[in-house]
Amino acid sequence: MDYKFPNEFMFGASTAAYQIEGGWNANGKGENIWDHLVHTSPELIRDGTNGDIACDSYHKYKEDVALAKNLNLKLYRFSISWARIAPSGVMSSLNLEGIAYYNRLIDELINNDIIPLVTMYHWDLPQYLQDLGGWVNPIMSDYFKEFARVLFTSFGDRVKWWITINEPMEVCKGYAIKGYAPYLNLNNTGFYLAAHTQLIAHGKAYRLYEEMFKPTQQGKISISINGVFFIPKNFESVDDKNTAERANQFERGWFSHPVYKGDYPPIMRKWVDKKSKEEGRPWSTLPTFTEDEIKLIKGTADFYALNHYSSRLVTHGRDPDPHYNSDAEYVTSVDESWLKPSVAPWLVPVPDGLRQLLIWLKNEYGNPPLIITENGYGDNGQLDDFDRINYMKGYLNATLRAIHEDNCNIIGFTVWSLLDNFEWMDGFAIHFGLVKVDFNSPQRTRTPKASYTFFKNVVSTGRL
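Note that this is a predicted model, so its numbers are computed, not measured. In every chain, residue numbers begin from 1 and rise along the written sequence. A pLDDT threshold of at least 70 governs which residues receive local features in this predicted model, and a stricter bar of 80 or more applies before side-chain atom pairs are shown or counted, although totals over entire chains, interfaces and linings include all residues. Side-chain descriptors were evaluated using all non-hydrogen atoms of the structure, hydrogens and water having been removed beforehand.

Draft legend 1. Representation of empty space enclosed by the protein within the structure. The rule is simple: put a 1 Å grid over the protein atoms alone, call a set of points where a 1.4 Å probe fits but cannot get out a cavity, call an open set with protein on both sides within 12 Å along at least five of seven lines a pocket, and count a residue as lining if it has an atom within 4 Å of a point. Grid points are joined across faces, edges and corners, and a volume is the space filled by probe spheres set on the points. Within the structure shown, the criterion is met by six cavities of 30 Å³ or more. In this model, the largest cavity occupies a volume close to 70 Å³. What lines the largest cavity is a set of 14 residues, among which I20, E21, F78, Y101 and L105 lie closest to the centre. In this description a helix means any DSSP run of H or I spanning at least four residues, a strand means any run of E spanning at least two, and both kinds are numbered starting from the N terminus. Contributing elements (two or more residues each) for the lining of the largest cavity: α1 (17-20), α3 (57-70), β2 (75-79) and α5 (96-111). Asp, Glu, Lys and Arg are counted as charged, while Ala, Val, Leu, Ile, Met, Phe, Trp, Tyr, Cys and Pro are counted as nonpolar; the rest, among them Gly, fall into the polar class. For the lining of the largest cavity, the residue count by class is nine nonpolar, three polar and two charged.

Draft legend 2. Region of interest: the packing of aromatic side chains. Each pair of aromatic rings taken from Phe, Tyr and Trp, with Trp reduced to its six-membered ring, is defined by centres within 6.5 Å and is described as stacked if the planes are under 30 degrees apart, edge-to-face if over 60, and tilted in the remaining cases. Under the criterion given, the structure shown has 46 aromatic pairs. Note on F78 and Y102: the rings are 6.4 Å apart at their centroids and 5 degrees apart in plane angle, and the pair reads as stacked. Linking F78 in strand β2 with Y102 in helix α5, this pair joins segments that are 24 residues apart in sequence. Burial classes follow relative accessibility: with a 1.4 Å probe on protein chains only, a residue under 20% of its type's maximum area counts as buried, one over 50% as exposed, and anything between as partly exposed. Overall, the relative accessible area of 2% leaves F78 in the buried class. Taking 5.1 Å as the distance between ring centres and 35 degrees as the angle between the ring planes, the aromatic pair formed by Y260 and Y365 counts as tilted. Taken together, the positions of Y260 in helix α10 (residues 238-260) and Y365 in helix α13 (residues 351-365) put the pair 105 residues apart, joining distant regions of the chain. Given a relative accessible area of 7%, Y365 falls into the buried group. Put simply, the rings of Y18, W34, W123, Y180, F422, W424, F428 and F439 touch in pairs and so form one group of aromatic residues. Looking at R84, its charged tip hangs above the ring of Y58, at a distance of 4.2 Å from the centre. Here, over-ring charges are defined by two tests on the NZ atom of lysine or the CZ atom of arginine: distance to the ring centre within 6 Å, and angle to the ring normal within 35 degrees.

Draft legend 3. Main features of the side chain of S276. Topologically, S276 is positioned in helix α11 (residues 266-278). On the basis of relative accessible area, S276 is assigned to the buried category, the value being 2%. Between two residues, a contact is recorded if the distance between any of their heavy atoms is within 4.5 Å. Filtering out sequence-adjacent residues up to four positions away, S276 remains in contact with R281, W283, S284 and T285.

Draft legend 4. Summary view of unusual backbone geometry. Omega for the bond connecting A181 with P182 falls within 30 degrees of zero, at 10 degrees, which places this linkage in the cis form. Counting through the fold element by element, P182 comes out in the loop between α8 (168-176) and α9 (187-217). Cis rather than trans, the peptide bond between W416 and S417 has omega equal to 10 degrees. Within the fold, S417 resides in the loop between β11 (410-416) and β12 (435-437). One non-glycine residue, Y183, lies in the positive phi region at around 65 degrees. Within the secondary structure layout, Y183 lies in the loop between α8 and α9. Classification of Y183 as partly exposed rests on a relative accessible area of 25%. Unusually for a residue other than glycine, N407 sits at a positive phi of about 55 degrees.

Draft legend 5. Highlighting the pattern of salt bridges. One speaks of a salt bridge when a side-chain nitrogen belonging to Lys or Arg is within 4 Å of a carboxyl oxygen belonging to Asp or Glu. If you walk through the whole model with that rule in mind, you get 28 salt bridges. Ionic pairing is found between D387 and K340, a salt bridge with its closest N-O pair at 4.0 Å. Linking D387 in helix α14 (residues 386-404) with K340 in the loop between β9 (330-333) and α13, this pair joins segments that are 47 residues apart in sequence. Within this structure, K275, R318, D327 and E329 form a network of salt bridges that share partners.

Draft legend 6. Structural detail: the sheet that holds β9. The sheet built from three strands is open, its strands ordered β6-β8-β9 with mixed pairing. Of all strands in the sheet, those with a lone pairing partner are β6 (229-232) and β9, marking the two edges. On average, each strand axis in the sheet is tilted by 45 degrees relative to the strand beside it, whichever way the strands run. Two elements, strand β8 (residues 311-316) and β9, share four bridges in a ladder whose sense is antiparallel. By the bridge assignment, T315 is partnered in β9 with V331. Under this scheme, a helix contributes an axis fitted over its contacting stretch, all axes are lines through C-alpha atoms, and angles between N-to-C directions fall in the 0 to 180 degree range. Strands in contact with α10 are β6, β8 and β9; relative to β6, the strand with the most contacts, it is inclined by about 175 degrees. Here the rule is simple: two strands pair whenever DSSP picks up at least two bridges between them.

Draft legend 7. Molecular detail of helix α7 (residues 140-155). Expected span of a helix, by definition, is 1.5 Å for each gap between consecutive residues, and there is one gap fewer than residues. Over its 16 residues, α7 runs 22 Å from end to end, which matches the ideal 22 Å to within 8%, given 1.5 Å per residue. Burial in α7 covers these residues: M140, S141, Y143, F144, F147, A148, V150, L151, F152, S154 and F155.

Draft legend 8. Summary view of the packing of α5 against α7. At a closest axis distance of 11 Å, the pairing of α5 and α7 adopts a crossing angle of 50 degrees. Between α5 and α7, the angle is such that the two are oblique. Relative to α7, α5 is oriented so that their crossing is right-handed. Contacts between α5 and α7 pair I99, Y102, N103 and I106 from the former with V150, S154 and F155 from the latter. Residue composition of the contact of α5 with α7, by class: five nonpolar, two polar and no charged. Here the word oblique covers every angle except those under 35 degrees (roughly parallel), over 145 (roughly antiparallel) and from 65 to 115 (roughly perpendicular). Here a crossing is taken to be left-handed if its near helix is turned anticlockwise relative to the far helix by less than a right angle, and right-handed if that turn runs clockwise.

Draft legend 9. Expanded view of the environment of A17. Its location among the elements puts A17 in helix α1. Sequence spacing of A17 and G51 is 34 residues, and the spatial spacing of their C-alpha atoms is 9.6 Å. When near neighbours in sequence (up to four residues on either side) are disregarded, A17 contacts S79, I80, S81, Y102 and D124.

Draft legend 10. Layout of α14. Relative to the 27 Å expected for 19 residues at 1.5 Å per residue, α14 spans 27 Å between its end C-alpha atoms, a close match to the ideal helical length. Where α14 is concerned, the buried positions are R388, I389, Y391, M392, G394, Y395, L396, A398, T399, L400, A402 and I403. Of the surrounding secondary structure, the elements contacted by the buried residues of α14 are β1 (10-14), α13, β10 (370-374), β11 and α15 (450-461).

As C-alpha cells, this is what we get:
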C-alpha cells in the first residue's frame, strides 16, 4: 500500500515561546511562572538548567524560519509569550517591543510562504496573574480574553490559524500535582478548577473573535487537546473496555466534550460527583457550567487540534502514577510487544494507538477537520537519530491509514519539535528536535539531524 498524503495536506513543525526564545527579560518582557520557578527553585529542574537563553530564538528567529523553509513546511506553529506582550499580563500596559518581535517573526514566515499557526498560551502565565491565583481564579478568563483581543488586533490581519491554549490538562497538573509551574499541590480540586477556567477563557476568546474579528480576518480557532490513548488490556473483558472508554473521556473528553457537545462527559460528571460525595464534600470537585457558559463554549473549534505521543493499556483499579486521574479508577500498563520507551520514560511508541485515537475522535465528535499539532520523539540529541525516524515513520503511517482506510478528516501534521529545546522539568536532558542545538555554544549553533532530511523527503513527496 503506497498511500500518499493529500496535495493540500499541511506539514509543519511546532515550538513554544518559553522553550526556544530565551531573552527572558529582554526589551521589557515581564516575569512569567516558568521564569519564576527556574530562578527560585533551580533544583526542581532535572539538570538544573533554565530557559533564560534556551535556543535564543528571540534573536535567531530568521535562522529558525530558514530551517522551516528548507524543510518545505507549509505551517510553523509557535507560541506567543504573554509576558512579552504585557509584562504583568494586564493589557493596560503593553510592551510594544514584544509586539514588534512577533510582527517580525510573522512577516518573516509569510515572506517565506509559511503559514503561521499561533498558540496564544503555551504554559507561561505572567507571574503577576499567578499571584492573583492563576487559572484557579475565574477572573483569569477575562484577562485571557483581553490578551486575545490584543493578539487579534496586532497580528490577525496575517495570522489565520489560532490555538487558544496548548494542552490545558497539563496546565492543570501545575496546580494539582506539582507537575509543572506554578508547582502547586491542590489535588483534583485545583485540577478541575484550572480546567474549568481555561475552557471558559477559550470560549470567551473564540466568541470575541467571532463577533469582532472573523468577519474581516476570516481565521480559524481551536484549542490543543492532548493525552495518551487508552486501550483495553483485555479485549475480551467488558470491564476493561468500559474502563478504557472512561479513561479516554476523563483524559480527552474532559476538554473536547464541552467544546463539541456543550458539557463535561456524563461519565466524568457521574464518577467525580460520586467520589466527592463519598469523601463527604459539600459539593463536587468538578465545577458545573451555567447555561450561559455552555452556550459560550459549545461550538468553539473550527478544527480539532491534537497533541499525541503515546498509548497505554488499562484495566480497572488505582494507578500510583499521579499523572493519571485517580477519580477515573484505571491502572495503566505497557504491552510487551510495544517498542521500548524513549529516553522520556512516558513516551512509549505505539503507532497504532494514534490510528485508533483518530477513529475514536472521528466517531465521538463527527469527524471534524483535524491537525495533529504535536507528535515527536525524545532522545539524547544524537545526529544519527534513527529511533526518531522509526517513530515518525510509524506515526505518519498510522496517519496515512486513518486518512485512506478510515476516512478520518486529517488536514495537517506538525512535528514536535523543529529544534532541541528546554523540555520543562527535564531541562535540556531530553532532545525532541529535528535540528540539534548546541546549548554550550554562545551562538546556539543549529545542525540538522538525519530526521530532518527524512522529514523533508516526506514533506516534498507526500510519501513515506
